[in-house]
Amino acid sequence: MKMKFVQIAATLSFLISSCWAIDKAWWKHDLTYGIFLKSFMDSNGDGIGDFKGLISKLDYIADLGIKTIWVTPFYPSPQIDGGYDISDFCGINPIYGTMEDFEELMKEMKKRDLNFVMDLVINHSSDEHEWFEKSVNRVEPYTDYYLWADPKGYDSNGTPIPPNNWKSIFDFKTPSSGWVWNEKRKQFYFHQFLAKQPDLNLRNEQLKTELKNMMKFWLDKGVAAFRLDAVGFFMEDPLLREDIDTETLIKVVAAESEMETPRLHHPDTFEFLHELRTFFRQYDLENKRQRETAGFGEVYTAINTKMRYYGTKNAPAMHYPYNYLLTLLKKYLDADQMIQFLNQWIKKLPKGATSNWALGNHDHGRIFYYFNKEYNSILLTIVTMLPGAALIWYGEETSQEQFDFSPNPNKNLMVERDHFRLPMQWDDSLNAGFTSGDKPWVPVHPSYYRSNVKEQLTNKNSTLYYFKDLVSLRKTETLKFGDLKMYAISKWVLAFTRTFRQSKYVIVLNLGTEPHTANLHAEIANLPTSLEVVAASPNSGFSKGEKFNTIVHHRNLSMLRPHSSIVLST
């Protein structure tokens, strides 16, 4: 009897520790809902989304089955770059509310067991930040908080010459120097992005301490994780060596080349990321955090280089770099091509690393813009059913679109990006229910009267309900931990299986523009002749609970409509 008791106790101990470990590593299988706060929900009629507006929609987010939200920067800012130009890292921009509103948001999220991912922008600040002003005046300890350099020399007119040929990333269409002369300090400062966004010197130990104190400030308020912005630009070559030519550099930034450059993906960046990972771990231990503090990185580069951002076994870096592979998808692919496309990421993932998938964000056009709208079910299925974490940009659950509301002949980058930061379409009332005011900060999409959350919530055969089914399935052990295999059933029918122990899900996608039968039994071994439909896109021709024939006896029993998808279960 004593031996049996010991065995039961050991089993219980194992189960408890396993559950705790899974909960602690919440980020490994998480689905994050990305929100551009300015466009999500306005509570006071000024046309700008805010904290109270977000609080009013937390039940909607929770009802989707989502457990984590990422919110774009809400710090004080001149708003030259949509809030990514920060003038106070520990403050709240009044257009979004107050610190008390933020604290209320944290309390309301905790009630719903939701995680908050904060945008952490530490590559640069605004030139209106107090640190920069003091750095210009060489006030200690701020003197070297930014990347300053002496001129290479002076031209015949006595004009100082920049230290090297480094260009601004935001000025590639009309390349200009990334160096700005400061007459007061008699030195150049460097900016990877806009001239009003001077780069911080992340090699400065005092600055790093200050940044960690800032992170602790937000962690103490309940933040669960950080989205690290512009990670690839954190460290530049300390010797300020000349850069590669602009044309090649553009390819590097666009993830089309792995050529090395002295100002991107510097080895010191990975050391700093490991230092941050260690800081997060220490914070968790000291504060007995039940869920691990995580850091996810925005980094644009070729996949081989991106994999380095996971770090190594002895020196882990980010929990994962965001995978934007799907944002590069701009044309229809057949089954074999799609498998090859997805394997670009899957096959190169380091052993034990957590994968992740995303369709878009605040800097990418909404992917549905490039395809027939029916194709949205294909994309939502891929991003949610593949192994690892996933990121959904607000409105993707209803296939919200973008449009060129203000054509700009100069193709200004700031204006172009606002086209996919449009207000959330909540209902068919004026301004799509986003604001009670006369005018939102940018126009809502003209389709809001027929495509909105309210309309889709009243229709059980909508994209929104299909998305909710996918999110629910993601919480099963099979979709969390299951092995992945992909099959080209025919030229245009793609299937992939997720298998865990005795459970199996079969995800079937018709990538083509015509109806196609799916003879699953011919390609996937050990399948029963009939499977149950547990999720079906609105355009599939199937409903939950129906049977799907894996052997083609009758075409109508195993045929998918164009650009549709279903999830089957054993």
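Residues numbered from 1 in each chain as written. Predicted model: local features only at pLDDT ≥ 70, side-chain atom pairs only at ≥ 80, totals over all residues. Heavy atoms only, no water.

Draft legend 1. Spotlight on the sheet that holds strand β8 (residues 187-190). The three strands are arranged β4-β8-β7 in an open sheet whose pairing can be described as antiparallel. Of all the strands in the sheet, just β4 (148-149) and β7 (179-182) have a single pairing partner and so form its edges. Strand direction decides the pairing type here: β4 and β8, joined by two bridges, are antiparallel. Paired with A149 across the strands is F188, a residue of β8. (Pairing = 2+ DSSP bridges. Helix = DSSP H or I, 4+ residues; strand = E, 2+ residues; numbered from the N terminus.)

Draft legend 2. Structural detail: the environment of L211. One can find L211 in helix α6 (residues 205-220). Between the C-alpha atom of L211 and that of L531, which follows or precedes it by 320 residues, the distance is 53 Å. Discounting residues that sit within four places of it in the chain, L211 has contacts with I122, W131 and L202. (Contact = heavy atoms within 4.5 Å.)

Draft legend 3. The arrangement of the packing of aromatic side chains in detail. Throughout the structure, instances matching the rule amount to 45 aromatic pairs. Look at F74 and F102: their rings are 5.3 Å apart centre to centre, the planes differ by 35°, and that puts the pair in the tilted class. Of this pair, F74 sits in the loop between β2 (68-71) and α4 (99-111) while F102 is found in helix α4, placing the two residues 28 residues apart along the sequence. F74 sits in the buried class, given a relative accessible area of 1%. A relative accessible area of 0% means that F102 is categorised as buried. Aromatic pair F226 and F280: ring centres 5.8 Å apart, planes at 20°, arrangement stacked. Here F280 lies in helix α8 (residues 267-287) and F226 lies in strand β9 (residues 225-228), a separation of 54 residues in the sequence. As far as burial versus exposure is concerned, F226 and F280 are alike and both buried. Aromatic rings pair up to connect F51, F74, Y75, F89, F102, F116, W131, Y142, Y145, F217 and W218 into one cluster. (Phe/Tyr/Trp six-rings, centres within 6.5 Å; stacked < 30°, edge-to-face > 60°. Buried < 20%, exposed > 50% of the residue type's maximum accessible area, 1.4 Å probe, protein only.)

Draft legend 4. Highlighting the nonpolar core. One finds Y33, F74, F116 and W218 to be the most contacted residues of the largest nonpolar core, which totals 134 residues. It is α8 that contributes the most residues to this core, seven residues altogether. By size, the runner-up hydrophobic cluster in this structure holds 18 residues, among which are A495, A518, I524 and L531. (Core = buried A, V, L, I, M, F, W, Y, C linked by side-chain atoms within 4.5 Å.)

Draft legend 5. Examining the environment of T463 more closely. Structurally, T463 is set in helix α14 (residues 463-474). For T463, a relative accessible area of 13% puts it in the buried group. Between the alpha carbons of T463 and K288 there is a distance of 40 Å; along the sequence they are 175 residues apart. Once residues within four sequence positions are removed from consideration, T463 is found in contact with N376, L380, E397, S399, Q456 and P538.

Don't take any of this as a statement about function, it's just geometry.
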